[in-house]
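# Structural characterization, general
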Amino acid sequence: MKDQSQRGHNFFPHIFMAVTMFVVTVFFICAASFAATINVGPGQLIQTAINAASSGDTINVAAGTYSEHLTLKSGITLVGTGGGVATPTNFSDDSIIDGTNNGRPITCVSLSNVVIQGFTIRNGYGDTYGGNIYYNGSTGKIKNNLITNGRTNIDSGSRGWGGGICANSSNVEIIGNIIENNQSWGLGGGIYLEFSNNLIAENIIYNNSSDYGGGIASYRNSPTIKNNVINNNFADWQDGGGICFKDPIPPVSPGSYFPVVVNNTIVNNRAGQWSNGQGGAIYAESNYALTILNNIVVSNSADVSIGGIYCIFAPSVLNYNDVWNNSAGDYSSNLTPGSGSISQNPVFVSGTDYHLLAGSPCIDKGNPDTIYNDADGSRNDMGAYGGP
């Protein structure tokens, strides 16, 4: 028979373990309970839900139109139905935040981890910064939204930045959105980035306009721009119909910033109408040492020179791109296309569908390094639909 004196000694460790497990379990249950889900439906205000929410909460917004100018809070995830991206021509299933042309739909100032996902965000007006969405000194994600008809100062004659989205000193991921029909009287019709090292990926950036950078304008940044379709944007005053990398005045120093432009399709953009338009697809001033890799850059135009790629400071990498049929030249005179570069018709499915047809010269012609392989493991296809 086991010595009874040992029973007491064995009992206390079991009690300690049980109490410890109970405390840990209660901790996780309590922690989970702090992350609430708040539902908003038609006739209710999203701002009321935001005011009631705490960091970690998710606000689900049902289909409907909400005419509001929202001020967000840190740690909030704002989720719509996703109808704007899934069915962009059918608004009946959308969660719509409508600025009604007299204010900005979404403002984030000095916030962290703010996520905006699955909305149609439209008809915004920002006096200076951000027609539809403005992040200032904040972090977060803008994901799977339709962002349309935003504008900044297009009537007043003073400058505005970021008709669709403005990120100022904000590291924001901009992923999987349709950004269309936005305007600014300054820089960045679709997106404007300032002092913000952002990821801009898997977006359709279409039919936006600005003085500089019809689609995207970047000022003193090193963003990564990848897997986007950037088409039919217009820099109506001067440079960078698709993308413009703009220097401060005076410039800092040559090659101070290092943007990466990889696996994009940049097509039918235009630079210049009222002044010296250059770089219909991409325009970069002397502060920028770009990596331009695995892109399709075709049928862009500039009213003065170089419809394709115009860089004052030669890119660090200019390889494995298809640059073809750009008016007034494919490259500025100081650029020499590098390894794997071609100039051929990419053979798109159609004039509006930029997937590649079988037999396209861009299939399996991107950088052969396996880190760039397509999702199926094959060699990289040039353009927006190639790469991992």
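Structure shown above.
Overview of the structure.

## Re the sheet that holds strand 6 (residues 95–98)
The 10 strands lie next to each other as 3-6-9-13-18-23-27-31-35-39, forming an open sheet whose pairing is parallel. Looking at the sheet topology across the chains shown, the edges are occupied by strand 3 (64–66) and strand 39 (322–324). Across the sheet, the axes of successive neighbouring strands diverge by a mean angle of 10°, strand direction being ignored. In this structure, strand 6 lies alongside strand 9 (residues 120–122), joined through three bridges in parallel fashion.

## Things to note about the packing of aromatic side chains
This model, assessed by the stated rule, comprises eight aromatic pairs. A ring pair is formed by Tyr129 and Trp161, whose centres lie 5.4 Å apart and whose planes are at 25°; its orientation type is stacked. Pair noted here: Tyr129 is in the loop between strand 10 (125–126) and strand 11 (133–136) and Trp161 is in strand 15 (residues 160–161), with a separation of 32 residues, a long-range link. Residue class for Trp161 comes out buried when judged on its relative accessible area of 19%. Ring centres of Phe245 and Tyr288 lie 5.4 Å apart, and the angle between their planes is 50°; on these two criteria the pair is classed as tilted. In this pair, Phe245 sits in strand 29 (residues 243–246) while Tyr288 sits in the loop between strand 33 (282–284) and strand 34 (291–293), placing the two residues 43 residues apart along the sequence. The residues Phe245 and Tyr288 share a single accessibility class, namely buried. One aromatic cluster is present, formed by Tyr129, Tyr134, Trp161 and Tyr192 through successive ring pairs.

What counts and what doesn't
Residues numbered from 1 in each chain as written. Predicted model: local features only at pLDDT ≥ 70, side-chain atom pairs only at ≥ 80, totals over all residues. Heavy atoms only, no water. Pairing = 2+ DSSP bridges. Helix = DSSP H or I, 4+ residues; strand = E, 2+ residues; numbered from the N terminus. Axes fitted to C-alpha atoms, helices over the stretch in contact; angles between N-to-C directions. Phe/Tyr/Trp six-rings, centres within 6.5 Å; stacked < 30°, edge-to-face > 60°. Buried < 20%, exposed > 50% of the residue type's maximum accessible area, 1.4 Å probe, protein only.

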